[in-house]
Amino acid sequence: MKHLILFVSAVFIGLTACTEDTLDTINKDNEHPSPETVAASLQLTDAIMATGFSTVSGDYAFYLSSLNEQEIGVGNNQMMRAELRNASEWAASTTFNNVWNATYGNLMNIRQMINKITNEVPGNEGQYDLLGMAQVLEALNFGVLTDMHGDIPYSEAAQGQAILQPKLDAQQDVYAGILQTLEDAISNLGQGKDLSSAGNQDIAFNNDVNQWLATAYALKARYLIHQLAVTDNRNTLLQQVKTAAEEAVSLGFNGFTISEFNGVTCDNPWSAYLWSRYYVASSNTVANLMQATDDPRFNHYTYGTGTSYQPGDEDVARIADYSQVYPDWYDLGTQPIHLFSVSELYFILAEVQLRLGEDATSAFQTAVEASVSEILGWYGEDTSIASSFAQSLGTPTLQTLFEQKYIAQCVDEQVETYNDIRRLKAMGESYITLTNPLNTQSGINRYPECLPYGNSSVLGNPNINDAYGDGTYIYTNKTWINGGN
């Protein structure tokens, strides 16, 4: 009997140990490991796609297409209210909450990548090329956020649970940080030019480090020229912009794009947006500029009908039967996202050359041709027309340059158009005449100088809540780069 008791006790002891081991592991998710254990390279694809899909070609671009009059908002819903410059739509913290959260979420992913490599977490050591790629993406994401919102969480942002209520950094300091990040990216990409740390995760350039390097210089040119309205020495700044832009050109910049869409199972975000809501229609502002120069893009912009609509027309904006004409490229589903287009780079270079009193004809024509040939190429049309059209525009002036840049960016680069419109206004210049009569209502400005902070931070961060107030600051407070404080 004694031996039987000892045997049974041993069995139960064994079962208990086995059960404790099982309980230790039963709640572990082995299929979805924590971000800390994932190699930095495996985070790159999501970082690139999120930058394009959410930050560059998401809600910011959708709403700004109406504000810039590059398209008009219709559908008797959110975009109708945006088109009619409804303050409860533009100033609400809920309007841009999704893209605000998505961009900061993406920045947390990007900063995790950077920390793993710089801290030499095992498996991530010495990946200078990947580090440079992550820094380029960080600069671009913070660049969009500060251009849209002005002062933003930056130095303390994207730290996870460590800092839940980050402070607001002045836009001037954010810009200094962005430009330093790009300098670091340029250095790291130079060190890592013979590496292939990203493997098959680089959906933008397929491990072509020179293209990442060219992108870093292109972004440097962008964020330098954004400061033109607030610099004390324009000629010095223009020379810096020119040097950066020419370096991107010399490296053979092909455009920072995402071309992963097939129009069936994976759609361009503009196409997905249109097909689900049909909130977009063609604007007279763009169509009239196209018609004035016999632009070969006009037929596609008006879906072959020649029809477009007056911005701010309430009767048009309220139509919700999907009958309005819109640019037919949004029906492709396969068009790429432009995070930084070839045409933008050459437009920047041409602007600098014009402001320095130099011949900008070649850069200007290259910019126009890049835009036109790409669009015609989507339809299998003769792209040689693009060259002859660019030449027909003659020697550029700032007027013709910004008109053509405005047209080129009406596909999916509305964020940069908004930056241009405000920058030029701060410099006392205007080359695009906006015609929506509701931009001013009862003598009050209803064209936002910036966009409101996201609702999650307004509710959860006292620093942002104080800055947001009732939201109407967006009509009066200019951002630093646009001549504000």
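Residues numbered from 1 in each chain as written. Predicted model: local features only at pLDDT ≥ 70, side-chain atom pairs only at ≥ 80, totals over all residues. Heavy atoms only, no water.

Colleague: Go over the overall build of the chain with me, naming the residues and quoting the values.
Modeller: Scanning the chain for helices and strands turns up 21 helices and 6 strands. Against the compact-globule benchmark of 23 Å for 485 residues, the chain has a radius of gyration of 25 Å, which places it among compact chains. Summarising its shape, the C-alpha atoms of the chain cover approximately 105 × 50 × 50 Å along the three principal directions. Taking all 485 residues of the chain together, 55% fall into the buried category. Considering only contacts in the chain between residues 6 or more positions apart, those separated by 24 or more positions represent 78%. Separation of charge centres in the chain, based on 22 positive and 56 negative side chains, amounts to 6 Å. (Helix = DSSP H or I, 4+ residues; strand = E, 2+ residues; numbered from the N terminus. Rg over C-alpha atoms; globule rule 2.2 N^0.38 Å. Buried < 20%, exposed > 50% of the residue type's maximum accessible area, 1.4 Å probe, protein only. Contact = heavy atoms within 4.5 Å. Lys, Arg positive; Asp, Glu negative; His and termini not counted. Charge placed at Lys NZ, Arg CZ, Asp CG, Glu CD.)

Colleague: Please set out the pattern of salt bridges residue by residue, giving values where relevant.
Modeller: Within the structure shown, the criterion is met by 14 salt bridges. Salt-bridge contacts for glutamate 416 lead to arginine 222; the nearest nitrogen and oxygen are separated by 3.6 Å. Placement of glutamate 416 in helix H19 (residues 414-426) and of arginine 222 in helix H9 (residues 209-225) is noted, with a sequence separation of 194 residues between them. Summarising the burial analysis for this pair, glutamate 416 and arginine 222 share the class buried. With its nearest N and O atoms 3.1 Å apart, the salt bridge here joins glutamate 449 to lysine 425. With a gap of 24 residues between them, glutamate 449 in the loop between strand E6 (444-445) and helix H20 (455-460) and lysine 425 in helix H19 connect regions that are remote in the sequence. Here the residues in one salt-bridge network are Glu351, Arg355, Lys405, Asp420, Arg423 and Glu429, joined through shared partners. (Salt bridge = Lys/Arg side-chain N within 4 Å of Asp/Glu carboxyl O.)

Colleague: Before we move on, could you go through helix H3 (residues 59-67) and cite the residues and values that matter?
Modeller: Within H3, 8 of the 9 residues are buried, which leaves it mostly tucked inside the rest of the structure. Among the residues of H3, those classed as buried are Tyr60, Ala61, Phe62, Tyr63, Leu64, Ser65, Ser66 and Leu67. Phi turns positive one or two residues past the end of H3, at glutamate 69, with a value near 65°.

Colleague: Lay out the packing of helix H7 (residues 128-149) against helix H8 (residues 171-191) in plain terms, naming residues and giving numbers.
Modeller: A pair of packed helices is characterised by two quantities: the angle between their axes and the separation of those axes. One way to put it is that H7 packs onto H8 with a least axis distance of 8 Å and a crossing angle of 160°. Between H7 and H8, the angle falls in the class roughly antiparallel. At the point where H7 passes H8, the crossing takes the left-handed sense. Residue composition of the contact of H7 with H8, grouped by class: 12 nonpolar, 8 polar and 4 charged. (Axes fitted to C-alpha atoms, helices over the stretch in contact; angles between N-to-C directions. Parallel < 35°, antiparallel > 145°, perpendicular 65-115°, else oblique. Left-handed = near helix turned anticlockwise from the far one by under 90°. Nonpolar A, V, L, I, M, F, W, Y, C, P; charged D, E, K, R; others polar.)

Colleague: Give a description of the confidence of the model for the chain that names residues and reports values.
Modeller: For the chain, the average pLDDT comes to 93, and 93% of its residues sit at 70 or higher. Across residues 1-18, confidence stays below pLDDT 50; counting only partners more than four residues off in sequence or on other chains, it has 0 contacts. (pLDDT = per-residue confidence, 0-100.)

Colleague: Kindly report on the side chain of glutamate 83, identifying the contributing residues and their values.
Modeller: Structurally, glutamate 83 can be placed in helix H4 (residues 78-83). Of the side chains with opposite charge, arginine 85 comes closest to the buried, unpaired glutamate 83, at an N-O distance of 4.4 Å. Engagement of the side chain of glutamate 83 in a polar contact is seen with the backbone nitrogen of glycine 73, the distance being 2.8 Å. Each residue touching glutamate 83, except ones within four places of it in the same chain, is listed here: Ser66, Glu71, Ile72, Gly73, Pro311, Gly312, Ala317, Asn436 and Leu438. (Polar contact = N/O pair within 3.5 Å; in protein donor to acceptor, adjacent residues only side chain to side chain.)

Colleague: Which residues make up the packing of aromatic side chains, and what values do they have?
Modeller: Taken as a whole and assessed by the stated rule, the structure comprises 29 aromatic pairs. Where phenylalanine 205 meets tryptophan 212, the ring centres are 5.4 Å apart and the plane angle is 85°; that geometry is what we call edge-to-face. Residue phenylalanine 205 is classed as buried on the basis of its relative accessible area, which comes to 9%. Linked through ring pairs, Phe62, Trp270, Tyr273, Tyr279, Tyr301, Trp329 and Tyr330 together constitute an aromatic cluster. The aromatic ring of tyrosine 154 is capped on one face by arginine 111, whose charged end is 5.5 Å from the ring centroid. Directly above the aromatic system of tyrosine 418 lies the positively charged group of arginine 422, at a separation of 3.8 Å from the ring centroid. (Phe/Tyr/Trp six-rings, centres within 6.5 Å; stacked < 30°, edge-to-face > 60°. Lys NZ or Arg CZ within 6 Å of the ring centre and 35° of its normal.)

Colleague: Kindly report on the environment of glutamate 449, identifying the contributing residues and their values.
Modeller: Overall, the relative accessible area of 9% leaves glutamate 449 in the buried class. As for glutamate 449 and histidine 149, which are separated by 300 residues in sequence, their C-alpha atoms are 9.1 Å apart. Glutamate 449 has contacts with Tyr418, Arg422, Lys425, Ile474, Tyr475, Thr476, Asn477, Lys478 and Thr479, leaving out every residue within four places of it along the chain. Within the local environment of glutamate 449, its side chain forms a polar contact with the side chain of lysine 425, the two groups lying 3.1 Å apart.

Colleague: Explain unusual backbone geometry to me, and be specific about the residues and the numbers.
Modeller: Leaving glycine out, the prevailing phi sign among residues is negative, and the prevailing peptide bond configuration is trans. The backbone of aspartate 294 sits at a positive phi, close to 55°, despite the residue not being glycine. Here aspartate 294 shows up in the loop between helix H12 (284-292) and helix H13 (298-301). Of note in this structure, serine 442 is not a glycine but carries a positive phi near 55°.

Colleague: Lay out the nonpolar core with the relevant residues and their values.
Modeller: Ranked by internal contacts, the top residues of the largest apolar core, which has 139 residues, are Tyr60, Trp90, Phe142, Trp212 and Phe256. Excluding its chain neighbours within four sequence positions, the residues that come into contact with phenylalanine 256 are Leu137, Leu140, Ala204, Phe205, Trp212, Thr215, Ile337, His338, Leu339 and Phe340. With 6 residues, the next largest nonpolar core counts Ile72, Val74, Tyr309 and Val325 among its residues. (Core = buried A, V, L, I, M, F, W, Y, C linked by side-chain atoms within 4.5 Å.)

Colleague: Which residues make up H19, and what values do they have?
Modeller: Between its terminal C-alpha atoms H19 stretches 19 Å, which fits the 18 Å expected from 13 residues at 1.5 Å a residue. Judged by how many residues are buried, H19 sits mostly within the fold: 11 of 13 residues are covered. Among all positions in H19, only Gln414, Val415, Glu416, Thr417, Tyr418, Asn419, Asp420, Ile421, Arg422, Arg423 and Leu424 are buried. Looking one or two residues beyond H19, the residue adopting positive phi is glycine 428, at roughly 80°. (Expected span 1.5 Å × (residues − 1).)

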